[in-house]
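Letter by letter, the chains look like this.
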Amino acid sequence: MTLTLQVDPIACTGHGMCADLLPELIELDEWGYPILADSVPPDLAAHARRAVNACPALALRLVRTQNQLVTRHQLATRRRPPAR
Amino acid sequence: MSHAHLDDGYSHDDYAGYRHPRHGQSSHGQSSRGRRRAGTAPRLTLDWQHADRAATLREHSRRFGPLPGPDGGKRDLLEEVAAARLTGRGGAGFPTATKMRAVAGRRGAAVVVANGMESEPASEKDQALLARAPHLVLDGISVAAEAVGAAEAHLCLPRTRGWLVDCVLAAVQERQRAGLDRIPVTVHELPHHYVSSEETSLVHWLNGGEAKPTTTPPRPFERGVGKRPTLIDNVETLAHLALIARFGAAWFREAGTREASGTMLTTVTGAVSRPGVYEVEAGTGVGDVLALAGLQVDAEAVLVGGYFGTWHDIASVAGLPFTAAGLRPIGAGPGAGVLFALPAGACGLAEAARVMRYLASQGAQQCGPCIFGLPAIADDLAQLAAGRPEGDPLSRMQRRFPVITGRGACHHPDGAVRMAASALRTFGADAHAHARRRPCLSAQRGRQQTSALPVPRPFAEGDWR
């Protein structure tokens with residue numbers, strides 16, 4: 001299991017609190033909206049939770065996602081979108 | 001070679017090779033290594049060239065034969081659609097059977113929504129289809145509703161096209177009088193913004209909200225209209241469904257290629273002598289589709305896939321099939337089947353700038369990257385097109401493109417950025433000249449001229465309900 005930060009882009013109003021509290025994983029674009037890192041390393045989980053709780057718009061979430069084991073074969077073929 | 005063409009109402013070719021699909025014979029173009037030659041027996045557009053109005057129910061029945069009854073069985077149609085490899089014709093190209101199974105597999109009565117919004121300004125095929133063959137779409141709604149176990153069905157049309165609403169309502173009433181549909185179809189008129197045709201927008205509006213996209217999940221197939229599992233299909237997709245229900249998967253796949261089956265409606269405009277809607281076999285080459293509409297010899301660039309599409313040199317795309325698989329290698333897609341050939345005298349950057357300004361104004365004003373990012377790109381592109389750059393708009397755009405992409409609730413910003421980025425690639429030499437304050441002649445003239453592309457006037461703020 002991996003922890004991942006997610007933002008609800010409709011709810012987010014660009015307060016920027018999250019980037020203040022978690023600059024390691026969140027930076028702001030030129031208009032003040034957050035750009036999130038892919039996953040949250042375990043040693044930053046507590047900080048991430050604090051950032052989530054501080055969001056005035058309740059737009060930031062911390063979710064658990066399945067660990068994705070990436071094989072070398074998948075890496076090599078990843079460029080092609082999966083056949084639907 | 002035969003095709004149906006909307007605007008001038010007559011066939012340019014001999015129509016004799018065609019046999020009615022009911023008779024199990026149909027002519028189709030020769031295949032050459034997975035690429036179809038232009039021209040196919042008309043299916044959706046059958047007899048269009050003789051019609052200047054919607055087909056009545058009687059004409060429709062004579063043309064296509066009766067619709068098989070619901071006793072055809074729920075599983076049968078789903079299997080036929082899967083075997084037919086029908087994909088959505090609204091732009092995303094998702095496999096229709098997968099979508100239908102997802103809805104049918106959920107608990108409780110489902111809802112079917114037909115999407116006739118067609119907010120893509122360069123597309124005319126959905127209104128053409130609804131105006132000529134409304135019963136084909138209504139048949140499709142009917143069989144889809146039976147197949148997924150729906151208790152209600154809705155057809156969403158843009159409020160800006162009152163004439164089309166009247167035409168479809170007349171067809172719905174005709175069917176009611178004939179006692180045709182077990183599940184009644186309700187016709188709705190929605191605000192006509194670019195993002196209002198997004199499927200979550202339809203669900204939100206039908207649930208009493210504004211016609212704006214919502215955050216997913218839940219996707220509509222999980223929880224849509226009235227919190228019920230909801231199947232949303234483009235009207236052309238439903239029309240194909242109506243024919244698959246009649247003639248089967250094997251018949252459907254007589255047209256098209258392995259990767260892309262059946263026929264598709266395309267809208268070809270711009271530097272062509274016969275702009276309009278054409279039905280072609282899936283897999284027809286981009287150049288062949290352009291040729292059907294009479295591409296002008298001096299045209300050099302084409303917008304493939306509509307306002308969310310990409311600009312290309314005609315020479316580089318003409319040989320590729322006009323399908324998702326065929327265009328993927330060059331980062332393009334057919335979208336809703338749209339091709340716009342840039343007239344030789346027009347400036348591609350100026351056209352792209354106008355489209356970008358329109359798209360920036362057409363967002364739902366919900367997500368920051370879209371609210372601020374798209375107008376910023378539109379400004380950059382406008383400065384460049386006018387040859388009056390402030391700072392370095394080229395590198396500013398290259399920095400902003402990846403920042404904006406993928407950060408909205410819907411894909412509106414992604415599509416707009418893709419279009420802008422492709423304009424800089426395709427008109428690269430122009431872009432550098434414009435950036436050095438040397439705009440092309442057509443861009444200088446263009447300030448007085450109207451746009452070559454049909455860019456609608458943006459709507460007033462606030463009309464979302």
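Just so we're clear, the structure is a prediction, and the values are computed from it rather than from any experiment.

Remarks on the overall build of chain A
When helices and strands are counted, chain A shows 3 helices and 4 strands. Each helix and strand of chain A, ordered N terminal to C terminal, gives the series β-α-β-β-α-β-α. For chain A, the proportion of its 84 residues judged to be buried stands at 20%. Summarising the internal contacts of chain A: among those between residues at least 6 apart in sequence, 61% fall at separations of at least 24.

Quick notes on the interface of chain B and chain A
How big an interface is tends to be stated in terms of the accessible area lost upon association of its parts. Taken together, the 13 residues of chain B in the interface contact 10 residues of chain A. If one sorts the elements of the side of chain B that touches chain A by residue count, helix H13 (residues 368-386) of chain B sits on top with 4 residues. Classifying every residue of the side of chain B that touches chain A by side-chain character gives 7 nonpolar, 5 polar and 1 charged.

A look at the sheet that holds strand S7 (residues 263-270) of chain B
All names here are of chain B. Here 5 strands make up an open sheet; going across it, the order is S8-S7-S11-S9-S10 and the pairing mixed. Each edge of the sheet is formed by a strand with only one pairing partner; in this case those strands are strand S8 (276-281) and strand S10 (310-313). Going across the sheet, the axis of each strand differs from the next one's by a mean of 30°, ignoring polarity. As paired elements, S7 and strand S11 (residues 338-342) share 4 bridges and run parallel to each other. For Gly 270, the partnering residue across the bridge sits in S11 and is Ala 341. Sheet strands in contact with helix H4 (residues 125-132) are S7 and S8, and its direction is about 120° off that of S7.

Comments concerning the packing of helix H12 (residues 348-361) of chain B against H13 of chain B
Residue and element names in this part refer to chain B. Across the interface, H12 lies against H13 with an axial gap of 8 Å and an inter-helix angle of 160°. The angle between H12 and H13 places the two elements in the roughly antiparallel class. Where H12 crosses over H13, the handedness of that crossing is left-handed. On H13, the residues that touch Leu 349, Ala 350, Ala 352, Ala 353, Met 356, Arg 357, Leu 359 and Ala 360 of H12 are Leu 374, Pro 375, Ile 377, Ala 378, Leu 381, Ala 382, Leu 384 and Ala 385. Looking at the contact of H12 with H13, its residues break down into 15 nonpolar, no polar and 1 charged.

Things to note about the confidence of the model for chain B
Across chain B, the average pLDDT comes to 87, with 87% of residues at 70 or higher. Of the two predicted TM-score estimates for the complex, the pTM is 0.86 and the ipTM is 0.77.

Focus: the nonpolar core
In terms of nonpolar packing, the biggest core is built from 137 residues, with Val 112, Ile 141, Ala 144, Val 148, Met 356 and Ala 420 of chain B touching the most fellow members. The biggest single contributor to this core is helix H8 (residues 235-252) of chain B, with 11 residues. Shared between two domains, this core holds at least three residues of each, these being domain 1 (54-251) and domain 2 (348-446) of chain B. Excluding anything up to four places from it in sequence, Met 356 of chain B contacts Ile 377, Ala 378, Leu 381, Ala 416, Met 419 and Ala 420 of chain B. Within the second largest apolar cluster, 15 residues are counted, among which are Cys 12, Ala 19, Ile 26 and Tyr 33 of chain A.

Rules behind the numbers
Residues numbered from 1 in each chain as written. Chains lettered and ligands numbered in written order. Predicted model: local features only at pLDDT ≥ 70, side-chain atom pairs only at ≥ 80, totals over all residues. Helix = DSSP H or I, 4+ residues; strand = E, 2+ residues; numbered from the N terminus. Buried ≥ 20, exposed ≤ 12 C-beta atoms within 10 Å, placed from the backbone. Contact = placed C-beta atoms within 7 Å. Nonpolar A, V, L, I, M, F, W, Y, C, P; charged D, E, K, R; others polar. Pairing = 2+ DSSP bridges. Axes fitted to C-alpha atoms, helices over the stretch in contact; angles between N-to-C directions. Parallel < 35°, antiparallel > 145°, perpendicular 65-115°, else oblique. Left-handed = near helix turned anticlockwise from the far one by under 90°. pLDDT = per-residue confidence, 0-100. Core = buried A, V, L, I, M, F, W, Y, C linked by C-beta atoms within 7 Å. Domains from an automatic or database assignment.

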